[in-house]
Amino acid sequence: MESLTLHHQVSNFLAQEAELLDLGYFDRWLDLFADDGIYWIPSAPDQTDMEGQVSIILEDVALLKLRVARLSHPRAYSVTPSPATIHLVSNIILETVTDKITVRSKLIMNEVRDDISTTLSGNSTHHLIASGDSFKILLKRVDLIQAGGTFNAISIPL
Amino acid sequence: MAKLNDILAIADPDGMASKAYTDPAIFEAEMERIFGRAWIFVGHESQVPNPGNFWRTWMGVDEVLLVRQKSGDLKVLRNACTHRGTRLCAEKSGSTNSFVCPYHSWGFDLDGALKAVPDMDGYPVDFDITDRKLHLSSAPRVESYRGFVFASRAETGPSLAAFLGQMTDAIDNLVDRAPDGEIKIDGGSLRVRYPGNWKLHHENANDIVHPGFVHDSSVTSAKSADGGVVPNDSLIDRGQTKGMMISNGLTPKDWNAIELTGTPEGHSFMGGFYKSGLLAHQQEDAVTRTYRKSLEAAHGKEKAATVLGMDRFNNLIWPTLNINAQFHQIRVVHPISVSETVIEGYCFRLGGAPDEIFHRAVRFLGTLVSPASMIFSDDLEIFGRVQRGLKNGGIERLNGQRGASTDMQGMGARHSTTSSELPLRVQAAAWHNWMGVEQ
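The rules behind these values
Numbers given to residues run from 1 along each chain, matching the order in which its sequence is written. Each chain is given a letter, starting from A, and each ligand a number, starting from 1, according to the order in which they appear as written. The predicted nature of this model means local features are confined to residues of pLDDT at least 70 and side-chain atom pairs, given and counted, to a pLDDT of 80 or more, with totals for whole chains, interfaces and linings taken over all residues. Only hydrogens and water are removed before side-chain values are computed, so all heavy atoms of the structure are retained for them. For helices the rule is a DSSP run of H or I covering at least 4 residues; for strands it is a run of E covering at least 2, with both sets numbered from the N terminus onward. A radius of gyration in this sense is built from C-alpha atoms; the matching globule rule multiplies 2.2 Å by the number of residues raised to 0.38. Buried, partly exposed and exposed residues are distinguished by accessible area as a fraction of the type maximum, computed with a 1.4 Å probe on protein chains only: under 20%, between the cut-offs, and over 50%, respectively. Working rule for contacts: check all heavy atoms of both residues, and any pair within 4.5 Å makes them a contact. Per-residue and other accessible areas follow the Shrake-Rupley method at a 1.4 Å probe size, with only the shown protein chains counted as cover for residues. Counting rule applied: Lys, Arg positive; Asp, Glu negative; His and chain ends not counted. Charge positions are represented by NZ for Lys, CZ for Arg, CG for Asp and CD for Glu. In what follows, salt bridge is the name for a side-chain nitrogen of Lys or Arg lying within 4 Å of a carboxyl oxygen of Asp or Glu. DSSP bridges decide pairing: two strands pair if at least two such bridges lie between them. Convention adopted: a line fitted to C-alpha atoms gives each axis, helices being fitted over their contacting stretch, and angles between N-to-C directions are expressed from 0 to 180 degrees. A pair of Phe, Tyr and Trp rings is counted when the ring centres sit within 6.5 Å of each other, with Trp represented by its six-membered ring. The angle between the planes then sorts it: under 30 degrees is stacked, over 60 is edge-to-face, the rest tilted. Computed with a 1.4 Å rolling probe, the buried area is the accessible surface lost when two parts are put together, summed over both parts. In protein, a polar contact requires one atom able to donate a hydrogen and another able to accept it; more generally it is a pair of N or O atoms within 3.5 Å, and residues adjacent in sequence count only if both atoms are side-chain atoms. Boundary definitions for the domains trace back to an automatic or database domain assignment. The quantity called pLDDT is the predictor's confidence in a given residue, expressed from 0 to 100. For the purposes of this section, nonpolar cores are sets of buried Ala, Val, Leu, Ile, Met, Phe, Trp, Tyr and Cys residues that join through side-chain atoms within 4.5 Å. Angular relationships are summarised with four words: roughly parallel below 35 degrees, roughly antiparallel beyond 145, roughly perpendicular across 65 to 115, and oblique for the angles in between. Helix crossings get a hand from a simple test, with the near helix turned counterclockwise from the far one by less than a right angle marking a left-handed crossing and a clockwise turn marking a right-handed one. Amino acids are sorted into nonpolar (Ala, Val, Leu, Ile, Met, Phe, Trp, Tyr, Cys and Pro), charged (Asp, Glu, Lys and Arg) and polar (every other residue, Gly among them).

## Some thoughts on the overall build of chain B
Helix and strand counts for chain B stand at 15 helices and 21 strands. Over its C-alpha atoms chain B spans a radius of gyration of 23 Å, differing by no more than 12% from the 22 Å that the globule rule assigns to 439 residues. The C-alpha extent of chain B, read off along each of the three principal axes, is 80 × 55 × 40 Å. Residues classed as buried in chain B amount to 56% of the 439 residues present. Summarising the internal contacts of chain B: among those between residues at least 6 apart in sequence, 65% fall at separations of at least 24. Carbon and sulfur atoms make up 51% of the accessible area of chain B, which amounts to about 17800 Å² in all. Looking at charge distribution, chain B has the averaged site of its 45 positive side-chain charges lying 2 Å from that of its 52 negative ones.

## A word on the pattern of salt bridges
Throughout the structure, instances matching the rule amount to 26 salt bridges over all chains. A:Arg70 is the partner of B:Asp378 in a salt bridge, and the nearest nitrogen-oxygen pair spans 2.7 Å. Taken together, the residues B:Asp378 in helix 14 (residues 376-391) and A:Arg70 in helix 3 (residues 61-71) connect one chain to another. With a relative accessible area of 3%, A:Arg70 lands in the buried category. One network of salt bridges, in which partners are shared, links B:Arg146, B:Asp172, B:Asp176 and B:Lys303.

## What to know about the sheet that holds strand 18 (residues 329-337) of chain B
Taken in spatial order, the ten strands of this open sheet run 7(A)-13(B)-19(B)-18(B)-17(B)-16(B)-15(B)-14(B)-21(B)-20(B), and their pairing is mixed. Two strands in the sheet have a free side with no partner beyond their single neighbour: strand 7 (150-151) of chain A together with strand 20 (408-410) of chain B. Note that strand 14 (residues 259-262) of chain B and strand 15 (residues 268-271) of chain B share four bridges and pair antiparallel. Bridging from a neighbouring strand, B:Glu259 pairs with B:Gly271 of strand 15 of chain B. Together, strand 13 (183-194), strand 16 (312-317), strand 17 (321-324) and strand 19 (340-350) of chain B form the strand contacts of helix 5 (residues 168-176) of chain B, whose direction differs from that of strand 16 of chain B by roughly 125°.

## Comments concerning the packing of aromatic side chains
Residue and element names in this part refer to chain B. Within this structure, the stated rule accounts for 18 aromatic pairs over all chains. For the ring pair Phe 148 and Phe 348, a centre distance of 5.7 Å and an interplane angle of 40° mean the geometry is tilted. A residue pair is termed long-range when its members are at least 10 positions apart, and Phe 148 in strand 12 (residues 148-152) and Phe 348 in strand 19 qualify at 200 residues. Like Phe 148, the residue Phe 348 is buried in the burial classification. Chaining the aromatic ring pairs together yields one cluster made of Phe 273, Tyr 274, Phe 313, Phe 327 and Phe 364.

## With respect to the interface of chain A and chain B
Facing 35 residues of chain A, the contacting portion of chain B comprises 45 residues. Buried surface at the junction of chain A and chain B, both sides included, amounts to about 3300 Å², of which 57% is carbon and sulfur. We note a salt bridge from B:Arg388 to A:Asp114, for which the minimum N-O separation is 3.2 Å. Remark: the boundary between chain A and chain B carries 20 residue pairs in polar contact (both at pLDDT 80 or more).

## Some thoughts on the domain arrangement of chain B
Residues and elements named next belong to chain B. What the domain assignment reports for chain B is domain 1 (40-152) and domain 2 (164-208 + 250-436). Between the C-alpha centres of domain 1 and domain 2 there is a distance of 31 Å. On the side of domain 2, 24 residues touch domain 1, which itself brings 15 residues to the contact. Of the roughly 1600 Å² buried at the junction of domain 1 and domain 2 (both faces included), carbon and sulfur atoms supply 72%.

## Topic: helix 5 of chain B
Within helix 5 of chain B, eight of the nine residues are buried, which leaves it mostly tucked inside the rest of the structure. Among the residues making up helix 5 of chain B, those that are buried are B:Thr168, B:Ala170, B:Ile171, B:Asp172, B:Asn173, B:Leu174, B:Val175 and B:Asp176.

## Topic: the pairing of strand 5 (residues 116-131) of chain A
All names here are of chain A. Two elements, strand 4 (residues 100-113) and strand 5, share 14 bridges in a ladder whose sense is antiparallel. Within the sheet, the bridge partner assigned to Ile 101 lies in strand 5 and is Leu 128. Here strand 4 folds back onto strand 5 in antiparallel fashion, the turn holding two residues, of which Asp 114 has a positive phi close to 55°. Of the pairings in the sheet, the one linking strand 5 to strand 6 (residues 134-144) comprises ten bridges and is antiparallel in character. Within strand 6, the position partnered with Asn 123 by the bridge is Asp 143. Taking the residues between adjacent antiparallel strands as the criterion, strand 5 and strand 6 are bridged by two residues, where Gly 132 takes a positive phi near 60°.

## Some remarks on the confidence of the model for chain A
Note: predicted coordinates in regions of low pLDDT should not be interpreted at a detailed level. Across chain A, the average pLDDT comes to 94, with 99% of residues at 70 or higher. The weakest mean pLDDT in chain A belongs to helix 3 of chain A at 91; the strongest belongs to strand 6 of chain A at 98.

## Description of the nonpolar core
All names here are of chain B. One finds Phe 148, Phe 150, Ile 330 and Trp 431 to be the most contacted residues of the largest nonpolar core, which totals 134 residues. By residue number, the principal contributor to this core is helix 13 (residues 355-369), which donates eight residues. Looking at which domains feed residues into this core, each of domain 1 (40-152) and domain 2 (164-208 + 250-436) supplies at least three. In contact with Phe 150, other than residues within four places in its own chain, are Trp 39, Ile 40, Phe 41, Val 42, Arg 141, Val 142, Glu 143, Leu 160, Leu 164, Ile 171, Ile 317 and Leu 321. Of all hydrophobic cores here, the second largest spans 18 residues; its members include Val 67, Cys 89, Leu 114 and Val 117.

## Concerning the side chain of B:His201
Residues and elements named next belong to chain B. Note on placement: His 201 falls in helix 6 (residues 199-205). The exposure class of His 201 is buried, given its relative accessible area of 1%. The contacts of His 201, once residues within four sequence positions are left out, are Tyr 194, Asn 322, Arg 331, Val 333, Ile 343, Phe 376 and Phe 383.

## Comments concerning the packing of helix 11 (residues 286-299) of chain B against helix 12 (residues 301-308) of chain B
Residues and elements named next belong to chain B. Relative to each other, helix 11 and helix 12 sit at 125°, their axes nearing to 7 Å. Comparing the axis directions of helix 11 and helix 12 gives the class oblique. Both helix 11 and helix 12 take part in a crossing whose hand is right-handed. Between helix 11 and helix 12, the residues in contact are Tyr 291, Arg 292, Leu 295, Glu 296 and His 299 and Lys 301, Lys 303, Ala 304, Val 307 and Leu 308, respectively. For the contact of helix 11 with helix 12, a count of residues per class yields five nonpolar, one polar and four charged.

Written out as structure tokens, the structure is:
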């Protein structure tokens, strides 16, 4: 039963994370990351190398602050008009639970902007640590099934 | 098909007609007259090092395979079976002895020759497997300049050396940055699509005025994040992303410090960044010092300083290649349709340089060409807006007059020390030249 409770807590956490992105509360989304947290979208399937292989996004909190600041800038043209998004998170599986929790989930992100609809899908992996009555993100990795292919511009975090 | 006179009228020195960006008939003519004849960059030799290695890319809208032959030569073959037109090779790269069609198993040799057709008995006697019409169409001219491979679909025309003109300096500079003289494409690649005409990419790359406006959001964010938010020893970045974002914060005073060069072939580059102090000449850190020492050991101190001090950015080889030698990067433009384009970005590993130098090139590539780039995504957005604006049809001709009265001629190229739209004008001139000459 304890694992069921944990699964429920983790699921809630992931749903809240998705909600913050959909509402455009990027500062609060960033607060979910641990101080040494990393956000990673690899460019290739099964990528293991962060330094020697290019990434779509590989950022620590310092750089994410910059990304988030830009998103709220009045002349960030790629998000003007701002897109509406749905981040749908499902198929949540607790992979390993030690002092660090590894969670796998599926993501479908639908973005509509200026009458143009885009969908990105991927496998997310979160490394979480307990923090108060919630969690902090040590690593969020999103492996897009489109990885290795051709992309339109991506503006809203996945 | 547009008539010759219509096409010639499109490329006015002061600005292209908007039809050049929106009319499918003009696009079709471009594919024939420019992409069907000029030297088109098709890859780097390091992508096909061994016999049988292939790399799938495009010449214009045509998919082609760059193939390393058993002899070591290179061929560029059209990726379509001569039987039913089926796309032959679906893989992006790999190694093979032959290309076999998935439909009826026609098999082609690495040089494009048809070598096997199942059930030959079913064919009439005049079916000749050695007939060249049944071979994969092969670009008649394929040449490499220090590893950079270009192909032309025309039997005759300017040599690659004549076409490149002084842009060979940019390739030389990139290769000379490798202490052991070898560079190779490594670290993966990124491909980004934008809803606009292919010409918009190169027209933007050496446009000095746009960064201060288009990239304002990333410049301001990076500057406001200066208060210790993005420290230079940021875990994974060492200040590189922040520096790249801030470097777009050019002011009108800065615009005039930049020197532009445009060549009759349509190529162009920016200079004067180091001379004016807009950018630091060289990073000073342990990795850079180690790298510089190994380059000095290879070239001698004087040449190493010249190589590292080359003050040229965005070396645009018209119509599709952009070389940034300092950062060991290239970008390639692939037209998809009159209103859709794909940009491919790659970086190089310099033989004999520390791994960290390569890691910085990888980082630069991701920061600049990723679909999620905080810089490039705003350029892509603007390309889309230009395309949508031009589609309105109310604008007959774009304006490209800035700096026209201050451009100077000299040493076979045009120069400007102001924020000139000179690069637009040399690109328009090259366009006019290739589009206007009948085959």
